[in-house]
Amino acid sequence: MASALKNLSSYDENNLPSAAQYVFGIVVSEWNAPITHALYEGCVETLTKHGALEENIHTVQVPGSFELPTGAKILASSRRFDAIVCIGCVIKGETKHDEYISHAVATGLTGLSITTGLPIIFGMLTPNTEEQAKERAGGKYGNKGVEAAVTAIRMAALRKELSMPAKTIGFR
Ligand code: DLZ
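Before going into details, it helps to say that this report is about the structure given with it. Since the model is a prediction, treat every value here as computed from it, not as a measurement.

## Things to note about the pairing of strand β1 (residues 24-29)
Within β1, six of the six residues are buried, which leaves it mostly tucked inside the rest of the structure. Judged by which residues are buried, β1 turns out to be covered on both faces: F24, I26 and V28 on one side and G25, V27 and S29 on the other are all buried. Crossover handedness for the path β1 to helix α1 (residues 33-49) to strand β2 (residues 57-62): right-handed.

As structure tokens, this is what we get:
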């Protein structure tokens, strides 16, 4: 079970809830566009494959990954979404810029998700090289955009399930 979860790209399709009733937001960073676009395609294909309606998938682009939390916040503020997927790719360079960006994005998205109660999915690659990025954007390690979509569907369903009135147990 644990090892099966290491690569959600090969998830169990039959155990995934339908995405038909949910509205998804996707925030895509333009930096490293060939990679982020491949992740985006994997994400959208997976959402629609599991029933999401095209008109219920709303995409916005932001300049770089650092802007992902702000993009997600703008979408979240509309209260129209059941889950928001953030897609980016920060490749390690000669300086520490990647660490600052990655940390800021992870912290920003976590905080936003917790304060809003909305599933905000971390679909950002943090590879050391472009080659490693390609391997995770439709290459030998799958497509992490697919995994982000699977996570979004599961979390949207969980949120919906847990926001239902609790079943009455015993006396009222
Ligand atoms: C500036 C910068 C650099 C050097 N590298 C990346 C990267 O690898 N991936 C990415 O998504 N964005 C990068 N950026 C841009 C920042 O995320 C941000 O857009 C700018 O610093 C402006 O706030």
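There is more to say after this.
## Comments concerning the packing of helix α2 (residues 68-77) against helix α3 (residues 97-116)
Where α2 contacts α3, the axes come no closer than 8 Å and their chain directions differ by 20 degrees. By the angle between their directions, the pair α2 and α3 is classed as roughly parallel. Crossing handedness for the pair α2 and α3: right-handed. Along its contact with α2, which presents L68, P69, A72 and K73, the element α3 presents A104, V105, G108, L109 and L112.

## Looking at the site of the ligand
Around the ligand sit S29, W31, N32, G64, S65, F66, E67, C89, V90, I91, H97 and I101, and those are all the residues in its vicinity. Here an oxygen atom of the ligand sits 3.5 Å away from a polar atom, N or O, in the main chain of G64. Within the contact set of the ligand, a nitrogen atom lies 3.3 Å away from a side-chain nitrogen or oxygen of H97. If the ligand stood free it would expose 490 Å²; the protein chains cover 69% of that surface.

## Digging into the environment of G88
For G88, the position within the fold is in strand β3 (residues 83-89). Taking relative accessible area as the criterion, G88 reaches 0% and is therefore assigned buried. The spacing of G88 and G108 is 20 residues in sequence and 14 Å in space, taken between C-alpha atoms. Not counting the four nearest positions on each side in its chain, G88 is found in contact with S29, T36, L39, S65, L68, G123, M124 and L125.

## Points about the side chain of H50
Inspection of the secondary structure assignment puts H50 in the loop between α1 and β2. Taking the relative accessible area as the measure of exposure, H50 reaches 12% and is therefore buried. In this structure the side chain of H50 is engaged in a polar contact, spanning 2.7 Å, whose partner is the side chain of Y11. Not counting chain neighbours up to four residues away, the residues in contact with H50 comprise Y11, E13, L16, S18, A19, A20 and I153.

## As for the environment of P127
Inspection of the secondary structure assignment puts P127 in the loop between β4 (120-125) and α4 (130-135). Among the residues examined, P127 registers a relative accessible area of 6% and is labelled buried. Each C-alpha atom of the pair P127 and K92 lies 6.5 Å from the other, and the pair is 35 residues apart in sequence. Each residue touching P127, except ones within four places of it in the same chain, is listed here: C89, V90, I91, K92, Q132 and A133.

## Some thoughts on the nonpolar core
Within the largest apolar cluster, 30 residues are counted, with the highest numbers of intra-cluster contacts made by F24, I26, I35, C43, L47, V85 and I87. Per element, the largest residue contribution to this core is eight residues, and it comes from helix α5 (residues 144-163). Discounting chain neighbours no more than four positions away, the residues touching I87 are I26, V27, V28, S29, T36, L39, Y40, C43, L68 and G123.

About the thresholds
- Residues numbered from 1 in each chain as written.
- Predicted model: local features only at pLDDT ≥ 70, side-chain atom pairs only at ≥ 80, totals over all residues.
- Heavy atoms only, no water.
- Buried < 20%, exposed > 50% of the residue type's maximum accessible area, 1.4 Å probe, protein only.
- Helix = DSSP H or I, 4+ residues; strand = E, 2+ residues; numbered from the N terminus.
- Right-handed = clockwise from strand over helix to strand, strands pointing away.
- Axes fitted to C-alpha atoms, helices over the stretch in contact; angles between N-to-C directions.
- Parallel < 35°, antiparallel > 145°, perpendicular 65-115°, else oblique.
- Left-handed = near helix turned anticlockwise from the far one by under 90°.
- Contact = heavy atoms within 4.5 Å.
- Near = heavy atom within 4 Å.
- Polar contact = N/O pair within 3.5 Å; in protein donor to acceptor, adjacent residues only side chain to side chain.
- Areas by Shrake-Rupley, 256 points an atom, 1.4 Å probe, with all protein chains shown as cover.
- Core = buried A, V, L, I, M, F, W, Y, C linked by side-chain atoms within 4.5 Å.

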